[in-house]
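# Fold and geometry: a report
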Amino acid sequence: EKGIPVLPVHSEGFKGTKKDGYKAACDAMANLVGTGSVKDVSPISINIMGEFNIAGEAWVIRDYYERMGVEVVSVFTGDGRVENIKRAHGATLNVVQCSGSVIHLAQHMQERYGIPYIRVSYFGIEDMSKALYDVAEHFQDACPEIMQRTQALVREEVKKVYPILKQYKQKLHGKKAAIYVGGAFKAFSMIKQLRTLGMDVVLAGSQTGTKEDYQVLRDMCDDGTVIVDDANPVELSKYSIEKGVSLFVGGVKERPMAFKLGIGFCDHNHERKLSLAGYGGMINFAREVYASVTSPVWQFAPHKKA
């Protein structure tokens with residue numbers, strides 16, 4: 001009636017699991033993709049998928065890719081624009097960060113438009129660098145100089161953050177950490193980040209990981225690490241106490257649990273205010289971990305006194 005496009009979302013009564021909700025959202029977004037002009041889209045171009053710009057991460061990631069010489073056509077859906085999403089089918093590669101939320105749409109675009117996709121993570125020095133190198137490698141034949149630009153970018157960014165991280169590592173070395181996040185791919189990055197800070201991961205799990213994801217998680221973790229799937233607070237509390245955890249990395253539901261146990265906490269979910277992605281995000285992560293783990297308040301926790 002008003003000339004405003006409407007996207008139907010088929011999720012009757014909001015039934016089903018979190019994954020079903022993601023699929024319904026992807027199906028709705030697919031109605032937009034392919035309806036815009038791709039006339040001026042560069043052959044060296046990507047869509048950033050599964051990035052939600054919670055604390056400005058999309059702007060940071062976009063800047064990295066543009067410094068490499070890669071055009072970012074659209075972001076799904078943090079700071080996304082309808083007009084850009086309409087022309088997303090003009091990109092030549094989809095770069096998927098939160099695979100649980102948008103993998104269905106990436107697969108749809110591969111089948112319908114022939115756009116390949118790669119899975120990446122933007123958390124931690126190791127995975128952030130790999131995300132940039134993987135994109136550079138994809139476009140190397142079409143743009144031979146892109147790898148050199150990427151290497152220069154990574155060197156420049158690592159040089160800024162490495163001395164600071166080294167200081168935090170000296171203070172956090174040997175501390176024990178637990179990880180419980182939404183997606184398994186994020187858990188992989190968390191393990192690498194905490195190891196960069198010299199910490200030992202003694203508990204790891206996710207809500208939406210697949211059988212294959214847990215095999216990777218098992219291979220990454222040290223012997224004796226407890227691996228959980230879609231765990232409840234009782235299980236997480238029990239294992240955190242048994243393992244002598246000093247830090248819990250999770251979402252808003254795990255925060256009160258950690259605080260009641262006298263354990264430091266790092267919010268890695270949608271309520272956080274600081275960017276944790278990219279090279280600068282690694283510094284923010286290290287600073288938050290250090291402040292929480294070494295806070296003098298934990299000496300007053302009842303079981304710590306005993």
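The sections below set out a description of the structure shown in this document. The shown structure was predicted, so the numbers you read here are calculated from the model rather than taken from an experiment.

Attention shifts here to the pairing of strand β6 (residues 200-206). Burial runs high along β6: six of the seven residues are buried. Two strands pair when backbone bridges link them, and strand β5 (residues 176-181) and β6 are joined in this way by six bridges, in the parallel orientation. Its bridge partner lying in β6, lysine 176 is registered against aspartate 200. Note on the crossover from β5 through helix α7 (residues 184-196) to β6: the handedness is right-handed. Across four bridges, β6 lies against strand β7 (residues 226-229) in parallel orientation. Bridged to alanine 204 within β7 is isoleucine 227. The parallel pair β6 and β7, bridged by helix α8 (residues 211-220), forms a crossover whose chirality is right-handed.

This part covers the pairing of strand β3 (residues 93-96). On β3, burial covers both faces: Leu93 and Val95 on one face and Asn94 and Val96 on the other are all buried. Here β3 pairs with strand β4 (residues 117-119) via three bridges, running parallel. Directly across from valine 96, in β4, lies its bridge partner arginine 119. With helix α4 (residues 99-113) bridging β3 and the parallel β4, this β-α-β connection has right-handed handedness.

Under the counting rule described, the total for this entry stands at five aromatic pairs. Taken together, a centroid distance of 6.4 Å and an interplanar angle of 70 degrees make the contact between tyrosine 65 and tyrosine 122 edge-to-face. Highlighted residues: tyrosine 65 in helix α2 (residues 57-68) and tyrosine 122 in the loop between β4 and α5 (125-139), separated in sequence by 57 residues. Since its relative accessible area comes to 0%, tyrosine 122 is described here as buried. The interplanar angle of 55 degrees and the centroid separation of 5.6 Å between the aromatic rings of tyrosine 168 and tyrosine 290 together place this pair among those described as tilted. Here tyrosine 168 is found in helix α6 (residues 146-172), whereas its partner tyrosine 290 is found in helix α11 (residues 278-293), with 122 residues between them in sequence. Under the relative-accessibility criterion, tyrosine 168 is labelled buried at 13%. A residue is classified by how much of its surface remains accessible, and tyrosine 290, at 27% relative accessible area, is partly exposed. Through a chain of ring-to-ring contacts, three or more aromatic side chains come together here, namely Phe259, Phe265 and Trp298.

Pairing within the open sheet is parallel, and its five strands lie in the order β7-β6-β5-β8-β9. Each of the sheet's edge strands pairs with one partner strand only, and the pair in question is β7 and β9 (264-267). Sheet twist, expressed as the mean angle between neighbouring strand axes with direction ignored, is 15 degrees. Most of the contacts of α8 go to β7, to which it runs at about 165 degrees, and overall it touches β6 and β7. Contacts from α11 reach β8 (247-250) and β9, with the element oriented near 155 degrees to β9.

Time to look at the environment of glutamate 157. Residue position: glutamate 157 is located in helix α6. Considered as a pair, glutamate 157 and asparagine 269 are 112 residues apart in the sequence and their alpha carbons are 25 Å apart. With sequence-adjacent residues up to four places away left out, glutamate 157 is seen in contact with Tyr64, Arg67 and Tyr279.

Turning our attention to the packing of α2 against α6. Packing of α2 against α6 leaves a shortest axis separation of 8 Å and a crossing angle of 135 degrees. It follows that α2 is oblique to α6 by the angle criterion. Of the residues in α6, those touching α2 at Tyr64, Arg67 and Met68 are Ile146, Arg149, Thr150, Leu153, Glu156 and Glu157. Residues belonging to the contact of α2 with α6 are distributed by class as follows: four nonpolar, one polar and four charged.

So, about the sheet that holds strand β2 (residues 71-77). Taken together, four strands build an open sheet; the order of strands is β2-β1-β3-β4 and the sheet is parallel. The open sheet terminates on both sides in strands that have one partner only, identified here as β2 and β4. Mean inter-strand twist for the sheet, computed between neighbouring axes without regard to direction, equals 20 degrees. Strand direction decides the pairing type here: strand β1 (residues 45-51) and β2, joined by six bridges, are parallel. Along β2, the bridge assignment pairs serine 45 with glutamate 71.

Locating asparagine 284 in the fold gives a position in helix α11. Take asparagine 284: its relative accessible area is 16%, and that puts it in the buried class.

Another aspect to go through is the pattern of salt bridges. Summed over all chains, the structure comprises 16 salt bridges. One salt bridge in this structure joins glutamate 145 and arginine 149, with 3.9 Å as the shortest N-O distance. You can call glutamate 145 partly exposed: its relative accessible area is 37%. For lysine 160, the salt bridge identified is with glutamate 156, shortest N-O distance 3.9 Å. Note that lysine 160 and glutamate 156 are positioned in helix α6 at a spacing of four residues, about one turn of the helix. Residue classification places glutamate 156 among the partly exposed residues on the basis of a relative accessible area of 40%. Linked by salt bridges that have partners in common, Asp63, Arg67, Glu156, Glu157 and Lys160 make up one network.

Criteria and cut-off values
- Residues numbered from 1 in each chain as written.
- Predicted model: local features only at pLDDT ≥ 70, side-chain atom pairs only at ≥ 80, totals over all residues.
- Heavy atoms only, no water.
- Buried < 20%, exposed > 50% of the residue type's maximum accessible area, 1.4 Å probe, protein only.
- Helix = DSSP H or I, 4+ residues; strand = E, 2+ residues; numbered from the N terminus.
- Pairing = 2+ DSSP bridges.
- Right-handed = clockwise from strand over helix to strand, strands pointing away.
- Phe/Tyr/Trp six-rings, centres within 6.5 Å; stacked < 30°, edge-to-face > 60°.
- Axes fitted to C-alpha atoms, helices over the stretch in contact; angles between N-to-C directions.
- Contact = heavy atoms within 4.5 Å.
- Parallel < 35°, antiparallel > 145°, perpendicular 65-115°, else oblique.
- Nonpolar A, V, L, I, M, F, W, Y, C, P; charged D, E, K, R; others polar.
- Salt bridge = Lys/Arg side-chain N within 4 Å of Asp/Glu carboxyl O.

These figures capture arrangement, not role.
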